Amino acid sequence: MSNELPLWEIFIRGQHGMSHRHVGSLHASDAEMAIRHARDVYTRRNEGVSIWVVRAADITASAPGEKGPLFDPSNDKVYRHPTFFDIPDDVGAM
Amino acid sequence: MTRDEALFEFCLRLGDTTLILGHRVSEWCGHAPILEEDIALANTALDLIGETQMWLSLAGEIEGKGRNADDLAYLRDAWDFRNLLLVERPNGDFGRTVMRQFLYDAFASLMLAGLMKSADTRVAQIAAKASKEVAYHLERSADLVVRLGDGTAESHARMQAALDEHWPYALEMFVADDVDCVLAEVGIAPDPSTLRADWDALTGRVLSQATLDIPDSGFAHKGGKSGRHTEHLGHVLTEMQWLQRAYPGARW
């Protein structure tokens, strides 16, 4: 539909979260309105302390068709996972 | 009129105004132009009903006859309501709803700022809590007034019509009576007529940005604050109070 407002992707940083997390998307005519709508749609239950909005059209995504070449090669590289180290008890939870 | 009699009336005015406006705004639920607006309007309505709860509870406490907020909201008839006439106006189109909200929000933000300095701590506490919500309502409604006023020829015409229609009802907000004078004297509430200059400045800024012409009429409809309402309030109450009237004391 030509008169539909642009789509925005919404990222919220929670009370104790370190980073913004993608929570969904909504329609708004500009960034300012997107922030307001995000506040009303996604933070009604005290979920967030910060909101980022990004125009969905500005996001470049990897192509699903290239899934194989992009991600399969890392399947068998177990040595990339830090599971071969003994962690001293004193370090605590990591 | 004693101090408490005046304060009881005053709390009813604040609580009834937020109750009726909250009900009006809630009528949009499921009908707003877009889903995002629908949720935003429902949030606003809930904020207003929450504020109502505080003012009517305090009214019941001051009255001292054992009536709680629900009794006051659901078991009084139109002539006992003290809400401003502006808020019982039908929603009309989305623009009319937004304009009504903006004119009220601008007033509420100034009134609450005054009430935060109230000599009565209960009033000051409620005002402090409500003022944050109202600050957001005002930001939202002012933004929409500008977007729609300075929008298309169609939206501009609708917003100008909305402003012209609401204006004489809005001016009731600034008409002070005995209740207001008693409370202003003891420092419980600001005299509403003293808020007019700031309201004019605030609304003037937004309306000029919205390219809308401010009506030059000073005529104000009166009556809401003393229980003389338009025919619309009865219809609102019929819907709002139906369940408690049909099934007295029903709970869930």
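Here the structure is shown first, and the text comes after it.
Now for a look at the structure at hand. (Residues numbered from 1 in each chain as written. Chains lettered and ligands numbered in written order. Predicted model: local features only at pLDDT ≥ 70, side-chain atom pairs only at ≥ 80, totals over all residues. Heavy atoms only, no water.)

1. Topic: the sheet that holds strand S3 (residues 48-55) of chain A
Residues and elements named next belong to chain A.
Consideration 1: Pairing is antiparallel in the open sheet, where three strands are placed in the order S2-S1-S3. Strands at the two margins of the open sheet, each flanked by one partner only, are strand S2 (21-27) and S3. Across the sheet, the mean angle from the axis of one strand to that of its neighbour is 30 degrees, orientation sign disregarded.
Consideration 2: Sheet topology places strand S1 (residues 7-14) next to S3; seven bridges connect them, and they run antiparallel. Each residue of the ladder has a partner; that of Phe 11, found in S3, is Trp 52. (Pairing = 2+ DSSP bridges. Helix = DSSP H or I, 4+ residues; strand = E, 2+ residues; numbered from the N terminus. Axes fitted to C-alpha atoms, helices over the stretch in contact; angles between N-to-C directions.)

2. Brief notes about the packing of aromatic side chains
Residues and elements named next belong to chain B.
Consideration 1: Here the structure, examined in full by the defined rule, presents five aromatic pairs over all chains.
Consideration 2: Between Trp 28 and Phe 94 the ring centres are 5.9 Å apart and the planes differ by 90 degrees, which places this aromatic pair in the edge-to-face class. Pair noted here: Trp 28 is in the loop between helix H1 (3-26) and helix H2 (35-63) and Phe 94 is in helix H5 (residues 94-115), with a separation of 66 residues, a long-range link. One exposure class covers both Trp 28 and Phe 94, and it is buried.
Consideration 3: On the numbers, 4.9 Å between centres and 55 degrees between planes, the contact of Phe 174 with Trp 199 is tilted. In this pair, Phe 174 sits in the loop between helix H7 (153-170) and helix H8 (178-185) while Trp 199 sits in helix H9 (residues 196-209), placing the two residues 25 residues apart along the sequence. Just as Phe 174 is buried, Trp 199 falls in that class too.
Consideration 4: Through pairs of rings, three or more aromatic residues link up here, namely Phe 107, Trp 167, Phe 174 and Trp 199. (Phe/Tyr/Trp six-rings, centres within 6.5 Å; stacked < 30°, edge-to-face > 60°. Buried < 20%, exposed > 50% of the residue type's maximum accessible area, 1.4 Å probe, protein only.)

3. Let's talk about the side chain of Asp180(B)
Residue and element names in this part refer to chain B.
Consideration 1: Structurally, Asp 180 can be placed in helix H8.
Consideration 2: Under the relative-accessibility criterion, Asp 180 is labelled buried at 3%.
Consideration 3: If near-sequence neighbours (up to four positions away) are discounted, Asp 180 is found in contact with Phe 10, Arg 13, Val 175, Pro 192 and Lys 225. (Contact = heavy atoms within 4.5 Å.)

4. Topic: the nonpolar core
Soluble globular proteins tend to pack their nonpolar side chains together in the buried interior.
Residue and element names in this part refer to chain B.
Consideration 1: Membership of the largest hydrophobic core comes to 88 residues, with the highest contact counts inside it found for Phe 10, Trp 55, Met 99, Phe 102, Leu 115, Val 145 and Trp 199.
Consideration 2: Per element, the largest residue contribution to this core is 13 residues, and it comes from H5.
Consideration 3: When sequence neighbours within four positions are dropped, the list of residues in contact with Phe 10 reads Met 111, Leu 115, Val 179, Asp 180, Leu 183 and Ala 189. (Core = buried A, V, L, I, M, F, W, Y, C linked by side-chain atoms within 4.5 Å.)

5. Details of the side chain of His37(A)
Consideration 1: By secondary structure assignment, the location of His37(A) is in helix H1 (residues 31-42).
Consideration 2: The class for His37(A) is buried, based on a relative accessible area of 2%.
Consideration 3: Every residue in contact with His37(A), bar those within four places of it in the chain, is listed here: Leu26(A), His27(A), Ala28(A), Tyr42(A), Ile34(B), Glu36(B) and Glu37(B).

6. With respect to the interface of chain A and chain B
Often, the extent of an interface is quoted as the loss of accessible area upon association of its parts.
Consideration 1: Taken together, the contacts link 13 residues of chain A with 13 residues of chain B.
Consideration 2: Taken together, the connections running from chain A to chain B amount to four salt bridges.
Consideration 3: One salt bridge in this structure joins Glu139(B) and Arg36(A), with 3.1 Å as the shortest N-O distance.
Consideration 4: At the junction of chain A and chain B, the tally comes to 10 residue pairs in polar contact (both at pLDDT 80 or more).
Consideration 5: For the side of chain A that touches chain B, the secondary structure elements donating two or more residues are S2 and H1 of chain A.
Consideration 6: Broken down by element, the residue count for the side of chain A that touches chain B peaks at seven residues, all from H1(A).
Consideration 7: Grouping the amino acids of the side of chain A that touches chain B by side-chain chemistry returns four nonpolar, three polar and six charged. (Salt bridge = Lys/Arg side-chain N within 4 Å of Asp/Glu carboxyl O. Polar contact = N/O pair within 3.5 Å; in protein donor to acceptor, adjacent residues only side chain to side chain. Nonpolar A, V, L, I, M, F, W, Y, C, P; charged D, E, K, R; others polar.)

7. What about the pattern of salt bridges?
Consideration 1: One pass over the structure, following the stated rule, counts 24 salt bridges over all chains.
Consideration 2: When the shortest N-O distance is used, the salt bridge between Asp76(A) and Lys77(A) registers 3.4 Å.
Consideration 3: Take Asp76(A): its relative accessible area is 57%, and that puts it in the exposed class.
Consideration 4: With a shortest N-O distance of 3.1 Å, Glu37(B) and Arg140(B) are connected by a salt bridge. Note that Glu37(B) is positioned in helix H2 and Arg140(B) in helix H6 (residues 121-149), a separation of 103 residues in sequence. Assigned by exposure class, Glu37(B) and Arg140(B) land together as buried.
Consideration 5: Three or more residues joined by partner-sharing salt bridges are found here, namely Asp30(A), Glu32(A), Arg36(A), Glu139(B), Asp143(B) and Arg147(B).

Without other data, these values stay purely geometric and don't point to any function.
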